[in-house]
Every structure is written in structure tokens, then in C-alpha cells.
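# What the coordinates show
Listed below are the residues making up each chain.
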Amino acid sequence: MEQSKIDRINQFARRVKAGEALTQAELAERDALRSEYIASVKASLTGHLDNTYIVEPDGTKHRLPKKK
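Residues numbered from 1 in each chain as written. Predicted model: local features only at pLDDT ≥ 70, side-chain atom pairs only at ≥ 80, totals over all residues. Heavy atoms only, no water.

## Topic: helix 1 (residues 3-17)
To keep it simple, the criterion reads: Helix and strand assignments come from DSSP, with helices taken as H or I runs of at least 4 residues and strands as E runs of at least 2, each series counted from the N terminus. Each residue after the first adds 1.5 Å to the expected span of a helix. To sort residues, take the accessible area from a 1.4 Å probe on protein chains only and compare it with the maximum for the residue type: under 20% means buried, over 50% means exposed, and anything in between is partly exposed. Arc definition: it is the arc formed by the directions from the helix axis to the C-beta atoms. Only heavy atoms matter for contacts: two residues are in contact if any of them lie within 4.5 Å across the pair.
Between its first and last C-alpha, helix 1 extends 21 Å over 15 residues, near the 21 Å set by a 1.5 Å rise per residue. Those residues of helix 1 that sit buried are Ile-9, Phe-12 and Arg-15. Looking down the long axis of helix 1, one finds its buried residues gathered within 125° of arc, a one-sided arrangement. The outward face of helix 1, more than 90 degrees from its buried face, is lined by the exposed residues Arg-14 and Lys-17. Looking at the buried side of helix 1, the elements it contacts are helix 2 (24-50).

Okay, here's the thing in C-alpha cells:
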């Protein structure tokens, strides 16, 4: 995710924390950016887990199984 989008999410958060109300358009933008951010974090985590191996005491390695 681009840093500019993360900065925009943080800008909305600061405004809400300061007690300002967001317009309907800003709420929709914030929700879309949050969804995109969450998808980005999930994709990153999945990528890390796909490259994670378990090393058994006998030295063999195997990937983490996928959960259903």
C-alpha cells in the first residue's frame, strides 16, 4: 500500500480523535482505504507464512499446512 494512502488514513484518524465529524464522502473514503489496508496486511502475512518452514528435531523441514 502506498504511503500516501496510509497518511490519508492517519489524517482521518487524527481528525476524528480531535472531535471533528467526517462527511459521508470522507467516511466512505476512509472505509475504502481501511479495507485496502487490511487486505494489504493480510497478503503480507500470507506471504510470510508461505515461506515459513518448521524444522523438526531430526533436521527435516516442512511448510506450514494451510488452514481451511
